[in-house]
Amino acid sequence: MNVLVCVKQVPDTTEIKIDPVTNTLIRKGVPSIVNPFDGYALEAAARLKDKDPDINITVVSMGPEAAKEALKECLAVAADDAYLVSGRGFGGSDTLATSYILSEAIKKIEEEKGVKFDAIFCGKQAIDGDTAQVGPEIAEHFDYPQVTYGLTCEATDGKDGLVVVQEGDGDTKKIEVPYPCLVTFTKPSFEPRYPTIKRKLAARKKPINVIGEEDLPNIDKSKIGLKGSPTRVKKTFVPEKREAGLIINEEEAVDSVNKLVDELKKIKAL
Amino acid sequence: MDPKTKDLWVFIETDENGDAVPVGLELLNPGRELADKQGGKLVAAVIGKDVDKAVEAAGKHGADQVIVIDGDEYKDYTTDAYSKALYYLVDKYAPTTMMVGATPLGRDLAPRVSSRLQTGLTADCTSVDIDEDTGNIAWTRPAFGGNLMATILCPDHRPQIGTVRPGVFKKGEEVENKAEVIKEDFHVAPEDIRTKILEVIQEEGGAGVDLQGAEYIVSGGRGVGSAEGFKVIEDLADALGGVVGSSRAAVDNGWITHAHQVGQTGKTVGPKIYIACGISGAIQHVAGIGSSDMIIAINKDPEAPIFNVADYGIVGDLFEVVPALTEAVKKEKGLA
């Protein structure tokens, strides 16, 4: 069985700060990480492989040369092979263009490896864009069934598909989906595994295969990059801040509460 | 695709009882004004099983037209059946704009339909307006964990589609139902629905957590310290007739379920009063509470960033302050 995991290298958005003078993002010194949700997708693939060691796990990422670091990390954690999709013409792509490029690259990887991926795993969303669109859009390009918001998965008894536990709004569902399929993953109740030293050393020696524009000669150029993207960013801005209000700091909690209740009564909020 | 119309569509998600989920009706409110500005009709697209109540509700919330697909195969949501049905409707009627609630269902469905239509989609919007320069819809959404807002246009492709966060807009006043109802007989063969729901497991305390409809929300964060610690939070929520919320830290620690989570990766809420207890106020949390009428923060750290966005803040131990506040609320209500 062959599993493909799509990963994105993202800035650690919990470390991002806003420059109070220029009102822009300070990205300097912000570490690049593997998008955490993609890490959960890789962990799901690794857990399938724990049960069935014959499973081959490939990771693919679209991004600049620097994204090789993210792929190395995935190799160290659980992946067998890694591909970077990189090219000038791919820059500026929105989710539709990105999913198209990735789909074409996935077909190329399948051709090179001489396999068909039974399952494509993605993170639910990337923490920089938060769109949650690229996964379902890849599924659409292949006309594959999809399950989003996966927590865990296991192979069906007949090994012809997956049973995915899906996080819902106040419930969870068990959903059966046949191969080939696409599943996106959210945060499960467990922490993903860390790489062993041995795997880390092995990953360093593994090649990262690069797929450039020249490797995808049949790609429709009108559907990639900024020009091929239906959406445009008109502007970005820092969200409006609410004003700080009245801070109450009495010695005794009861006094603070009484003061608050008096204030709320004044404006008839209570 | 060329739009045949100037119509603005709102996708009305339905639940297993055939009722409209709130976000669809919420979106009809800004939808009315946007449709008028675009010079087209406000159309509600309803898909589900036995959805008469949802159709009626859409009319009462201002839709000029309600287009309905009703069938057994739509009782439970499946990507395959719903994407085929919604694609069929959009392809046939060609609206210029479509809004979909950014619920788990909406965020599963919308990218399938938008990419089948080869058009642009903007996810998880918190504001929708008309771009004055071009007349396109200006979709505004948080990015980088809520640190930055981005306004997105879809200039050359139609329909322009966006998912909009529940709780951002409030439902409008009910009006006289004048909607024209069109029933479309569209069915999906069982063999074309490739996923199968084997089991639905209700989360303990998960069902009925209506954060988005709540007037009062009392949320606990890292400062609550344990699952047992949430007792004081629940007591205050009960006294107010409100709902218990939480920060991501409390969920990650396993003290409370994800259904209670407020913020960028949880729910966006807009209650009358939001009380944040032991929550430091990370930007990801603050991003989800911006439409609250009033924010009250209780935290023992006077430097906690939550105080920068709170209308009222009490510096103190939440395990002393919150029970005292509960008693005070009960007293005001004549319950103690």
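Residues numbered from 1 in each chain as written. Chains lettered and ligands numbered in written order. Predicted model: local features only at pLDDT ≥ 70, side-chain atom pairs only at ≥ 80, totals over all residues. Heavy atoms only, no water.

Visitor: Got a minute to help me understand the overall build of chain B in this structure?
Guide: Within chain B, the secondary structure is distributed over eight helices and 16 strands. Over its C-alpha trace chain B gives a radius of gyration of 21 Å, about what one expects of a compact globule, namely 20 Å for 336 residues. With the C-alpha coordinates of chain B rotated into their principal frame, the extents come out at 60 × 50 × 40 Å. Across the 336 residues that make up chain B, the buried fraction comes to 61%. Of the contacts made within chain B by residues no fewer than 6 positions apart, 64% connect residues no fewer than 24 positions apart. Accessible surface computed for chain B: about 12800 Å², of which carbon and sulfur atoms make up 47%. Each charge sign in chain B was given a centre, from 32 positive and 52 negative side chains, and these centres are 2 Å apart. (Helix = DSSP H or I, 4+ residues; strand = E, 2+ residues; numbered from the N terminus. Rg over C-alpha atoms; globule rule 2.2 N^0.38 Å. Buried < 20%, exposed > 50% of the residue type's maximum accessible area, 1.4 Å probe, protein only. Contact = heavy atoms within 4.5 Å. Areas by Shrake-Rupley, 256 points an atom, 1.4 Å probe, with all protein chains shown as cover. Lys, Arg positive; Asp, Glu negative; His and termini not counted. Charge placed at Lys NZ, Arg CZ, Asp CG, Glu CD.)

Visitor: Just to check I follow, could you spell out the overall build of chain A for this structure?
Guide: When its secondary structure is counted, chain A shows six helices and 15 strands. Overall, the C-alpha framework of chain A stretches about 75 × 45 × 40 Å when taken along its three principal axes. Out of the 270 residues in chain A, the part that is buried amounts to 53%. Within chain A, residue pairs in contact and separated by at least 24 positions form 68% of the contacts whose partners lie at least 6 positions apart. Put simply, chain A shows about 13000 Å² of open surface, and 50% of that area lies on carbon and sulfur atoms.

Visitor: Help me understand the interface of chain A and chain B, please; the structure alone is not making it clear to me.
Guide: A common way to report how large an interface is uses the accessible area buried once the components associate. Taken together, the contact between chain A and chain B spans 72 residues of the former and 77 residues of the latter. Of the roughly 6600 Å² buried at the junction of chain A and chain B (both faces included), carbon and sulfur atoms supply 57%. For the chain A face of the interface with chain B, the top three residues by lost area are Glu140(A), Lys234(A) and Arg242(A), together amounting to 11%. Inspection of the region where chain A meets chain B yields seven salt bridges. The salt bridge partner of Glu332(B) is Lys265(A), with a shortest N-O separation of 2.9 Å. Every element with two or more residues in the side of chain A that touches chain B is listed here: α4 (134-142), β9 (146-155), β10 (161-167), β11 (171-178), β14 (232-237), β15 (246-248) and α6 (253-266) of chain A. With nine residues, α6(A) is the single largest residue contributor to the side of chain A that touches chain B. (Buried area = accessible area lost by both parts, 1.4 Å probe. Salt bridge = Lys/Arg side-chain N within 4 Å of Asp/Glu carboxyl O.)

Visitor: Please explain the sheet that holds strand β1 (residues 2-7) of chain A as it appears in this structure.
Guide: Strand-to-strand pairing in sheets goes through backbone hydrogen bonds, with the strands running parallel or antiparallel. Ordered in space as β13(A)-β7(A)-β6(A)-β1(A)-β8(A)-β12(A)-β9(A)-β10(A)-β11(A)-β11(B), the ten strands form an open sheet in which the pairing is mixed. Both edges of this open sheet fall to β13 (209-211) of chain A together with β11 (196-202) of chain B, since each of them pairs with a single strand only. Strand-to-strand twist of the sheet, defined as the mean angle between neighbouring strand axes without regard to direction, takes the value 35°. Looking at chain direction, β9(A) and β10(A) are connected through five bridges and run antiparallel. Considered in β10(A), the bridge of Thr152(A) is made with Val165(A). Across the sheet, helix α1 (residues 36-51) of chain A is in contact with β1, β6 (56-62), β8 (119-123), β9, β10 and β12 (181-185) of chain A; its angle to β8(A) comes to roughly 145°. Contacts from helix α2 (residues 68-77) of chain A reach β1, β6, β7 (81-85) and β13 of chain A within the one sheet, and its direction differs from that of β7(A) by about 165°. (Pairing = 2+ DSSP bridges. Axes fitted to C-alpha atoms, helices over the stretch in contact; angles between N-to-C directions.)

Visitor: Where do I start with the side chain of Thr98(A) in this structure?
Guide: Residue and element names in this part refer to chain A. With respect to the helices and strands, the residue threonine 98 is situated in helix α3 (residues 95-113). The class of threonine 98 is buried, set by a relative accessible area of 15%. There is a polar contact of 2.7 Å between the side chain of threonine 98 and the backbone oxygen of aspartate 94. (Polar contact = N/O pair within 3.5 Å; in protein donor to acceptor, adjacent residues only side chain to side chain.)

Visitor: Just checking my understanding: could you explain the sheet that holds strand β1 (residues 8-12) of chain B for this structure?
Guide: Residues and elements named next belong to chain B. Read from one edge of the open sheet, seven strands run β5-β9-β4-β1-β2-β3-β10, paired in parallel fashion. Strands with a single pairing partner mark the edges of an open sheet, and in this sheet they are β5 (121-125) and β10 (180-183). Between one strand axis and the next, the sheet turns by 20° as a mean value, whatever way the strands run. Of the strand pairs in this sheet, β1 and strand β4 (residues 97-101) are connected by three bridges, and their pairing is parallel. Bridge assignment links leucine 8 to a residue of β4, and that residue is threonine 97. Packed on one face of the sheet, helix α1 (residues 22-38) meets β1, β2 (42-48), β4 and β9 (160-164) and runs near 175° to β1.

Visitor: Would you mind showing me how to read the environment of His187(B) here?
Guide: All names here are of chain B. In this fold, histidine 187 is placed in the loop between β10 and β11. For histidine 187, a relative accessible area of 47% puts it in the partly exposed group. Separated by 23 residues in sequence, histidine 187 and aspartate 210 place their C-alpha atoms 32 Å apart. Looking at histidine 187, its side chain comes within polar contact range of the side chain of glutamate 73, at 2.8 Å.

Visitor: I keep staring at the pairing of strand β15 (residues 294-299) of chain B and nothing clicks. Help me out?
Guide: Successive residues of a regular strand alternate their side chains across the two faces of the sheet. All names here are of chain B. Buried residues dominate β15, accounting for six of its six residues. Across the two faces of β15 the burial is the same, with Met294, Ile296 and Ile298 and Ile295, Ala297 and Asn299 all buried. Across five bridges, strand β14 (residues 273-277) lies against β15 in parallel orientation. In the strand pairing of β15, isoleucine 275 is matched with isoleucine 296. With four bridges connecting them, β15 and strand β16 (residues 312-315) associate as parallel partners. Bridge assignment links alanine 297 to a residue of β16, and that residue is glycine 313.

Visitor: I tried to follow the packing of aromatic side chains on my own but got confused; where do I start?
Guide: Aromatic rings in a pair are described by how distant their centres are and how their planes are angled relative to each other. Counted according to the given criterion, the structure contains seven aromatic pairs over all chains. Taking 6.0 Å as the distance between ring centres and 50° as the angle between the ring planes, the aromatic pair formed by Trp9(B) and Tyr93(B) counts as tilted. On the criterion of sequence distance, the pair formed by Trp9(B) in strand β1 and Tyr93(B) in helix α3 (residues 79-93) is long-range, its members being 84 residues apart. The pair Trp9(B) / Tyr93(B) is uniform in exposure class, with both members buried. Members of the aromatic cluster, joined through ring pairs, are Tyr74(B), Tyr77(B) and Tyr82(B). Above the ring of Phe142(A), the side-chain terminus of Lys107(A) is found at 5.9 Å from the ring centroid. We note Lys223(A) situated over the ring of Tyr100(A); from NZ or CZ to the ring centre the distance is 4.7 Å. (Phe/Tyr/Trp six-rings, centres within 6.5 Å; stacked < 30°, edge-to-face > 60°. Lys NZ or Arg CZ within 6 Å of the ring centre and 35° of its normal.)

Visitor: Can you walk me through α4(A) in this structure?
Guide: Residue pairs three or four apart in sequence face the same way in an α-helix, which turns once every 3.6 residues. The buried count for α4(A) comes to seven of nine residues, which makes it a mostly enclosed element. When we look at burial in α4(A), the residues that qualify are Gly135(A), Pro136(A), Glu137(A), Ile138(A), Ala139(A), Glu140(A) and Phe142(A). Buried residues in α4(A) make contact with β1, α3, β8, β9 and β12 of chain A together with α4 (104-116) of chain B. One or two positions beyond α4(A), positive phi appears at Asp143(A), with a value near 55°.

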